[in-house]
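Structural characterization, general
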Amino acid sequence: MDAHEPLRSSCTLKTGSNKPKFRSAAISLRSSADRDRTVAEMKPTKKKTENGFWSEASFMNWSMDDVVGVFRFHPIPCFFAASLMFFMAVEYTLRMVPPSSPPYDLGFAATEWLYRALASSPDLNTLLAALNTVFVGMQSTYILWTWMVEGRPRAGISALFMFTCRGILGYCTQLPVPQEFLGSGADFPVGNVSFFLFFSGHVGGSVIASLDMRRMKRWEMAWAFDVLNFLQVLRLLGSRGHYTIDLAVGVGAGFLCDSLAGKYEESKRRAVLSTSNGNHDVLTK
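Definitions and cut-offs
Residues numbered from 1 in each chain as written. Predicted model: local features only at pLDDT ≥ 70, side-chain atom pairs only at ≥ 80, totals over all residues. Heavy atoms only, no water. Phe/Tyr/Trp six-rings, centres within 6.5 Å; stacked < 30°, edge-to-face > 60°. Helix = DSSP H or I, 4+ residues; strand = E, 2+ residues; numbered from the N terminus. Buried < 20%, exposed > 50% of the residue type's maximum accessible area, 1.4 Å probe, protein only. pLDDT = per-residue confidence, 0-100. Contact = heavy atoms within 4.5 Å. Axes fitted to C-alpha atoms, helices over the stretch in contact; angles between N-to-C directions. Parallel < 35°, antiparallel > 145°, perpendicular 65-115°, else oblique. Nonpolar A, V, L, I, M, F, W, Y, C, P; charged D, E, K, R; others polar. Expected span 1.5 Å × (residues − 1). Salt bridge = Lys/Arg side-chain N within 4 Å of Asp/Glu carboxyl O.

**Quick look at the packing of aromatic side chains**
Think of a pair of aromatic rings as described by two things: how far the centres are apart, and how the planes are tilted against each other in angle. Tallying each qualifying case throughout the model produces seven aromatic pairs. Both rings, one in F108 and one in Y243, keep their centres 5.7 Å apart while their planes meet at 25°; by these two values the pair is stacked. A residue pair is termed long-range when its members are at least 10 positions apart, and F108 in helix α5 (residues 106-110) and Y243 in the loop between α10 (219-238) and α11 (244-274) qualify at 135 residues. Here Y243 falls in the buried class, since its relative accessible area comes to 7%. Summarising the aromatic geometry, the rings of F181 and F195 are spaced 6.0 Å apart at their centres and angled 55° between planes, so their arrangement reads as tilted.

**Some words on the confidence of the model for the protein**
Of the residues in the protein, 77% have a pLDDT of 70 or more, and the chain-wide mean is 83. The low-confidence segment residues 3-17 (pLDDT under 50) makes zero contacts with residues lying over four places distant or belonging to another chain. In this model, residues 42-49 is a region of pLDDT below 50 whose contacts with residues beyond four sequence positions or in other chains number zero contacts.

**Thoughts on the packing of helix α6 (residues 112-120) against helix α7 (residues 122-148)**
Two elements in contact, α6 and α7, have axes whose closest approach is 5 Å; the angle formed by their N-to-C orientations is 110°. Here α6 is positioned roughly perpendicular relative to α7, judged by the angle of their axes. Side by side, α6 and α7 meet where A117, L118, A119 and S120 of the first sit next to P122, L124, N125 and L128 of the second. In terms of residue class, the contact of α6 with α7 is made up of six nonpolar, two polar and no charged.

**Observations regarding α10**
The end-to-end C-alpha distance of α10 is 29 Å, a good match for the 28 Å that 20 residues give at a rise of 1.5 Å each. Within α10, the full set of buried residues consists of A222, F225, N229, Q232, R235, L236, L237 and G238. Contacts made by the buried residues of α10 are with α5, α6, α7, α9 (201-215) and α11. Just past α10, the residue R240 takes up positive phi, approximately 60°.

**Looking at the pattern of salt bridges**
Opposite charge on two side chains allows them to pair when their charged atoms are near. All chains considered together, the criterion is met by 13 salt bridges. E112 serves as the salt-bridge partner of R116, at 3.9 Å between the closest nitrogen and oxygen. Placement of both R116 and E112 in helix α6 is noted, with a separation of four residues, approximately one turn of the helix. Assessed through its relative accessible area of 28%, E112 is described here as partly exposed.

**Some details on α7**
For α7, built from 27 residues, the straight-helix expectation of 39 Å at 1.5 Å per residue is met to within 8% by its first-to-last C-alpha distance of 39 Å. What α7 keeps buried is the set N125, A129, N132, T133, F135, V136, Q139, Y142, I143 and T146. In the core, the buried residues of α7 are packed alongside α6, α8 (154-172), α9 and α10.

**Some thoughts on unusual backbone geometry**
For the bond running from F198 to F199, omega is 0°, close enough to zero to count as cis. Backbone geometry places K217, a non-glycine residue, at a positive phi of 60°. Looking at the secondary structure, you find K217 in the loop between α9 and α10. The exposure class of K217 is exposed, given its relative accessible area of 58%. Its identity as a non-glycine residue notwithstanding, R240 has a phi of 60°, on the positive side. By secondary structure assignment, the location of R240 is in the loop between α10 and α11.

In structure tokens:
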């Protein structure tokens, strides 16, 4: 009995010393699990309800100051929004032109005075057509000069883009020549040859040249080209050489093709920089 007493007491001591450690570990695990469950219960659950969707919409956070600020700081988009509503009302209530009638053109109506003057004076019509042809030659000369002499091909690339699009669209929809068209052998293209009405290459080429002049800060030349382009528009409307829509799209085509040519140049310039092998490229110098 006496010999076994120390052994029993030693076992008792070891067992007693280990139990608190196991108990504290179990308590720690249990409290950690409870804490995680409590945090999970506290997190809000996203319910895909209609109110929840609309509460995240941008306009739900707009204040009255935001709405007023739109009119104060963004008048141009507001004007376009008002014009959208106006022209929707006009479009849906306007009587359409019957198939048996010629197209109605507001530009023709506005230049009726010039049409009567040109119709009554063929010499004046021929003179203005010849001057217009000279202006077309000025456009072409400037665009070629910027590439062949100055080494800047953007205007030339713009013109190639524009006249390619004009050829495709003009062939796809071949509009009839206006009934009151006043032709002239001095007009470009010279010789009373056929031409595409949609859209005006005369106007588009002028815009391309003018934009290039502004890039080079040739302000006087640019303004001169703009004035001559305006006079060209009047002459084309007065002689019934183009519909108004042809001339308006010509302006837009000039801006668009100039922008596309700029993007083309930039993409090629990046490609040359990334794969430079020492070769000279006259289009991306």
